[in-house]
Amino acid sequence: MKKLNILLAASEVVPFAKSGGLADVAGALPKALRALGHDVRVVMPRYYIVDKEKYGLKRMEGSLGVPMGSKGELWAAVYEGLLPGSDVPVYFIEYDAYFGRKGLYDEDGKGFVDNDKRFIFFSKAVMQLAKKLRFHPDVIHANDWHTASIPVLLNTTYAYDEDFRDTGSLLSIHNLEHQGKFPKSAMDVLSVGWGHFNADELEEYDGINLLKGGIVHADAINAVSKKYAQEIRTSEFGCGLERLINEKSYKLYGVLNGVDYEEWSPAVDTLIAQNFDVDAMEGKLACKEALQKRFNLPLRKNVPLIGLVGRLAEQKGIGLLAAAIWKLMELDIQIVLLGAGEKWAERFFSELVARYPQKFACYIGYQNDLAHQIEAASDMFLMPSLFEPCGLNQIYSLRYGTIPIVRATGGLDDTIENYDNDHKSGTGFKFYDATPEALIGTVKWAVDVYNHDKEGFAQLQSNAMQKRFDWSEAAKGYEEIYEKIIAGRSNT
Ligand code: ADP
Ligand code: GLC
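Rules used throughout
Residues numbered from 1 in each chain as written. Chains lettered and ligands numbered in written order. Predicted model: local features only at pLDDT ≥ 70, side-chain atom pairs only at ≥ 80, totals over all residues. Heavy atoms only, no water. Buried < 20%, exposed > 50% of the residue type's maximum accessible area, 1.4 Å probe, protein only. Helix = DSSP H or I, 4+ residues; strand = E, 2+ residues; numbered from the N terminus. Pairing = 2+ DSSP bridges. Right-handed = clockwise from strand over helix to strand, strands pointing away. Domains from an automatic or database assignment. Contact = heavy atoms within 4.5 Å. Buried area = accessible area lost by both parts, 1.4 Å probe. Salt bridge = Lys/Arg side-chain N within 4 Å of Asp/Glu carboxyl O. Axes fitted to C-alpha atoms, helices over the stretch in contact; angles between N-to-C directions.

1. Points about the pairing of strand S16 (residues 305-312)
When a strand is regular, its side chains alternate between the sheet's two faces. Burial of S16 is extensive: six of the eight residues sit out of reach of the surface. When S16 meets strand S17 (residues 334-341), the two strands line up parallel, connected through eight bridges. When the bridges of S17 are listed, Leu305 appears paired with Gln334. A crossover links S16 with its parallel partner S17, the connecting element being helix H10 (residues 318-328), and its sense is right-handed.

Spelled out as structure tokens, the structure:
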């Protein structure tokens, strides 16, 4: 296979800046593509929190001119580093007026009012950087609405640019709910011509929809799981774009994310109380005890401990959980929750701690160490998502022998097999209806297996821990899409 030049643009990349799974993907996929022999490079904004010293970032010579339409040309600095543990270059676009702020997209839950300009600027900077580096990408891989302008720019402003003569584009959709909808004044800085402000491209309800433009213009789209790629063609999951996505289904793929097992494996995890693995499970109990201690929960080996880690957003089924919690608290279980997000949920779950100190614990905030510790310590992991494009935590859970209890949607459905009592097969517990009753019933089922079918539960753990979702496999899926994009372009 020919060595490809791939430029991956993302608004967050592990370990430099992260708010969710997109960062995990953008930090891991490039390394896997590199291992397949491709020249892959990553571009992200240089946020205030990206520590230049810690990561040894070096400033590139000169400045990068970014034409911003009515705002004229803005000048950015570019810093260069490597994805840790690899030789994959990462370029950071520094422009403090846009990115020198505390949050990535918002502060105190309020989105920045200039997010349109910030990410149109970033997308244009990616294009300008490719020129400056003389990189000549075969494919630019954009991710979510933040970089969805790139396929549009490629087909408009840069359509006849020699530096992009052979460049195609892939847009990964990690979450269709966030589309980058802004007032039409954003067209002034995107500056691809008002001719593209029409219902078949960028316009929607007289505003601009960046993700829509990306979907129209990208050579291919990937929706991070097969099931989600199907779901987004329906009105239930399509967030208003289902018709367009159906029209474009000929270029729609569903390559599932992988997991970085160097980071998320109980055998090597340095953030947990004691290591363990499928053939030596004692350490898992030590992790459970450590977590119970940390949260002042009763130190009980045999009580089913259920973990939850994630953004406290409606998507994650926090409404269902809140409605179900009273009944769940009647069970002899412990729950540990880690998350931040919607204010009502932060308050609601914090207040539960005082009410059920023996059963419910939570930490409101973002803490990577604790995410690992909850994965390692819990017996089960709850993800009652209303929709879940892929979901990573349930896949991490599998590796830690922490049995997922999930709603069968998107990647959750694709990665978890339901427990089958007769054959002792499966890797988790699934429910289908988005109702508190279904959630409660399934937690009760899981608790029952844990308490009364020890052999079955141990088998589930062993099945789960032996599953692998390697990035090397996922990268091959992406490689195939890139190849198709390139073949498609040379046919035109
Ligand atoms: P999403 O991208 O929708 O947030 P994913 O399951 O794909 O969901 O990825 C979430 C990632 O973010 C996981 O790596 C998870 O461990 C991490 N994460 C989410 N919330 C927190 C938190 N409060 N503290 C630490 N890690 C978190
Ligand atoms: C999104 C989705 C999540 C997915 C992640 C990485 O934020 O909500 O399901 O795993 O992106 O693709």
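The structure having been displayed, the exposition proceeds.
2. Comments concerning the domain arrangement of the chain
Its domain assignment divides the chain into domain 1 (5-258 + 471-490) and domain 2 (282-465). On a C-alpha basis, the centres of domain 1 and domain 2 stand 33 Å from each other. Tallying the contact residues gives 18 residues for domain 1 and 16 residues for domain 2. Summing both sides of the interface, domain 1 and domain 2 together bury roughly 1400 Å²; the carbon and sulfur share of this comes to 56%. The three residues of domain 1 that bury the most area against domain 2 are Lys18, Lys227 and Leu256, which together make up 28% of that side's buried surface. At the junction of domain 1 and domain 2, the tally comes to one salt bridge.

3. Description of the sheet that holds S17
One open sheet accounts for six strands, arranged S18-S17-S16-S19-S20-S21; its pairing is parallel. Edge positions in the sheet fall to strand S18 (360-364) and strand S21 (429-431), since each of these pairs with one other strand and no more. Strand-to-strand twist of the sheet, defined as the mean angle between neighbouring strand axes without regard to direction, takes the value 15°. The strands touched by helix H11 (residues 343-355) within the sheet are S16, S17 and S18, with S18 carrying the most contacts at an inclination of about 140°. Helix H16 (residues 454-466) rests against strand S19 (380-383), strand S20 (403-407) and S21 of the sheet, and its axis sits at about 85° to S20.

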